[in-house]
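Structural characterization, general
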Amino acid sequence: MSPTQKRPAGGLTGWGAAELFFTAGVAVAILFALLSGSIAKELDLTQAQLGQLSGIYTLAYSAGQLVLGAFLSSRTVKWILGGGAALASAGCFLLSGGREFSGMLAAQILVGLGLSGTFVGLIFLIGRDFSKSFPMMSSLSQSITNITGAGLSLLASLTPWLADFRATFRVMAVVLLAVAAAQFVFVRGRAAGNAPHPGREIAPISFFGAVGVAIRNFQFWMATVFYACLFGTMLAYANIWNIQFQIIYFGNDPSEAAMMNAMIAIGITAGSLVAGVWSRKAGFVLPARAFGLLGAAIFVFMSVLPLPRWDATALILVMGFALAGSILGLSVIQAHLAPAVTAVATSLAVTAAFVHGAILQTVIGTSLGAASTHTVAGAHESLFLIYQHGMVWLVGSVLAAAIAAFFFKPPPPDPRPA
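Now for a description of the structure that goes with this document. (Residues numbered from 1 in each chain as written. Predicted model: local features only at pLDDT ≥ 70, side-chain atom pairs only at ≥ 80, totals over all residues. Heavy atoms only, no water.)

Over its 15 residues, helix α5 (residues 101–115) extends 21 Å from the first C-alpha to the last, a length consistent with the 21 Å expected when each residue adds 1.5 Å. Those residues of α5 not exposed but buried are Phe101, Met104, Ala107, Gln108, Val111, Gly112, Gly114 and Leu115. The arc that holds the buried residues of α5, viewed along the axis, is 160°, so those residues lie on one side. (Helix = DSSP H or I, 4+ residues; strand = E, 2+ residues; numbered from the N terminus. Expected span 1.5 Å × (residues − 1). Buried < 20%, exposed > 50% of the residue type's maximum accessible area, 1.4 Å probe, protein only. Arc of directions from axis to C-beta.)

A few words on the side chain of Arg128. Along the polypeptide, Arg128 turns up in helix α6 (residues 118–129). In this structure Arg128 comes out as buried when scored by relative accessible area, which is 10%. In this structure the side chain of Arg128 is engaged in a polar contact, spanning 2.8 Å, whose partner is the side chain of Asp129. (Polar contact = N/O pair within 3.5 Å; in protein donor to acceptor, adjacent residues only side chain to side chain.)

Within the element layout of this structure, Thr23 appears in helix α1 (residues 3–34). Of the residues examined, Thr23 reaches a relative accessible area of 12% and is grouped as buried. A distance of 3.2 Å separates the side chain of Thr23 from the side chain of Thr145, its partner in a polar contact.

For the α-helix, the turn length of 3.6 residues means that residues three or four positions removed from each other point alike. For helix α8 (residues 165–186), spanning 22 residues, the distance from its first C-alpha to its last is 31 Å, which sits close to the expected 32 Å at 1.5 Å a residue. Every buried residue belonging to α8 is among Phe165, Arg166, Thr168, Phe169, Met172, Ala173, Leu176, Val179, Ala180, Ala182 and Gln183, and all of these are buried.

On the surface, a cluster of nonpolar side chains totalling about 510 Å² of accessible area is made up of Phe218, Leu293, Ile403, Phe406 and Phe407. Mapped onto the elements of the fold, Phe407 is located in the segment after α16 (380–405). (Patch = residues over 30% accessible without salt bridge, like charges linked within 9 Å, V, L, I, M, F, W, Y side chains within 5 Å. Areas by Shrake-Rupley, 256 points an atom, 1.4 Å probe, with all protein chains shown as cover. Salt bridge = Lys/Arg side-chain N within 4 Å of Asp/Glu carboxyl O.)

What follows covers the environment of Ala288. Relative to the elements of secondary structure, Ala288 occurs in helix α12 (residues 285–304). Under the relative-accessibility criterion, Ala288 is labelled buried at 0%. Taking the C-alpha atoms as reference, Ala288 lies 8.0 Å from Ala402; in sequence the two are 114 residues apart. What Ala288 contacts, discounting residues up to four positions off in sequence, is Phe226, Leu328, Ala405 and Phe408. (Contact = heavy atoms within 4.5 Å.)

To continue, consider the packing of aromatic side chains. Enumeration over the complete set of coordinates arrives at 12 aromatic pairs. Ring geometry for Phe119 against Tyr227: centres 6.4 Å apart, planes inclined by 5°, an arrangement best described as stacked. Here Phe119 is found in helix α6, whereas its partner Tyr227 is found in helix α10 (residues 218–249), with 108 residues between them in sequence. As far as the burial class goes, Phe119 and Tyr227 line up, both buried. Three or more aromatic residues joined by ring pairs form one cluster here, namely Phe22, Phe119, Tyr227 and Phe231. (Phe/Tyr/Trp six-rings, centres within 6.5 Å; stacked < 30°, edge-to-face > 60°.)

A word on the packing of helix α3 (residues 47–71) against α5. Following both chains from N to C, one finds α3 and α5 inclined at 30°, their axes separated by 7 Å at the closest point. Between α3 and α5, the interaxial angle falls into the category roughly parallel. Our pair here, α3 against α5, has a crossing hand that is right-handed. Where α3 approaches α5, its residues Gln49, Gln52, Leu53, Ser54, Ile56, Tyr57, Ala60, Tyr61 and Gly64 are matched on the opposing element by Phe101, Met104, Leu105, Gln108, Ile109, Val111, Gly112, Leu113 and Leu115. Residues that form the contact of α3 with α5 fall into these classes: 12 nonpolar, six polar and no charged. (Axes fitted to C-alpha atoms, helices over the stretch in contact; angles between N-to-C directions. Parallel < 35°, antiparallel > 145°, perpendicular 65-115°, else oblique. Left-handed = near helix turned anticlockwise from the far one by under 90°. Nonpolar A, V, L, I, M, F, W, Y, C, P; charged D, E, K, R; others polar.)

A separate point is the pattern of salt bridges. Under the definition given, this model contains three salt bridges. For the salt bridge of Arg128 with Asp129, the shortest nitrogen-to-oxygen distance reads 2.8 Å. As far as the burial class goes, Arg128 and Asp129 line up, both buried. One network of salt bridges, with partners in common, ties together Glu42, Arg99 and Arg166.

Keep in mind that these numbers describe shape and distance, not what the molecule does.
This is how it looks when you write it as structure tokens:
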């Protein structure tokens, strides 16, 4: 077998290891959401403090992601992924033994920093080793991760084994150590698979030079708004507030809330595959607009009508489908920026999404707390009014993404200038 025949396997094993880390990172976030009630009860935390715990994780993830994006290269990618998994393992161990709010904050920072390289590292490897199939491979990666998350949420809704957050995070600490080893073994420091198109190869560029190129590109800004608003909304809603909404404002028990939350992941899985196939056939412009408008319509509908549980479950599934369109924002960046710039530009866009998600989580917690002091406790109408105070921020976010999609342009012909 010739070297060119062997390279795709190397690309697939490296992608598989990075995908495993990305999936483990999402699992940690989902587990925190599922166990947030248990954590709040045992540590006597308020809703605002719970929002701060989730928000500090997202901010740490975002800051680490931005820094790591500047250093991502074929030589550093396995160290960024492997070292990050080990650091996240330490953070999960601290979470499992946390007794005070301050200690939990510190643990969340460690977990956020450790996991911050998961997505940008995965996207870097896809762009390096599978550039011709970027939309499909990135969508497939998101689908695999979210179907795993859906399975985890459904399992939690059917069994009580996740009741103890301490034991759960101790298990995740061990899992992440194994994931760290996989990065060092399988992630390669060279291109594999179908490498970039020959006409698109350009000289390396500095971090600040890449930032300068990105911020002067209007399509980069529109792609960032689109991705940040859709993905940031998914982070805020799916990672913590949907479960809390279902338990506190709609009276569902934790198992029912977990099952409803799993619908988001299932919807994202289906939506990611549709986005990947559709954009491969028709380009990213029309699919992005369709996903953006669908998301805006669903969020508006769910914010104005108190729906029965099964109706709400169906709409949450469609909501996840719509939010999956966020991945098309990264396709815009790949299409309109030179290859040497895309790693940094992607890091900036993804960081913006996590910062936006962190802000949404904190703002929603504060808004719910403020609204609850001005309503009649226990009244169904008052509970839904409080819920609306939280949802209005998510509605605005998804509407902004839908508007940004209407400024997308088709990719220019290759080769593209630096």
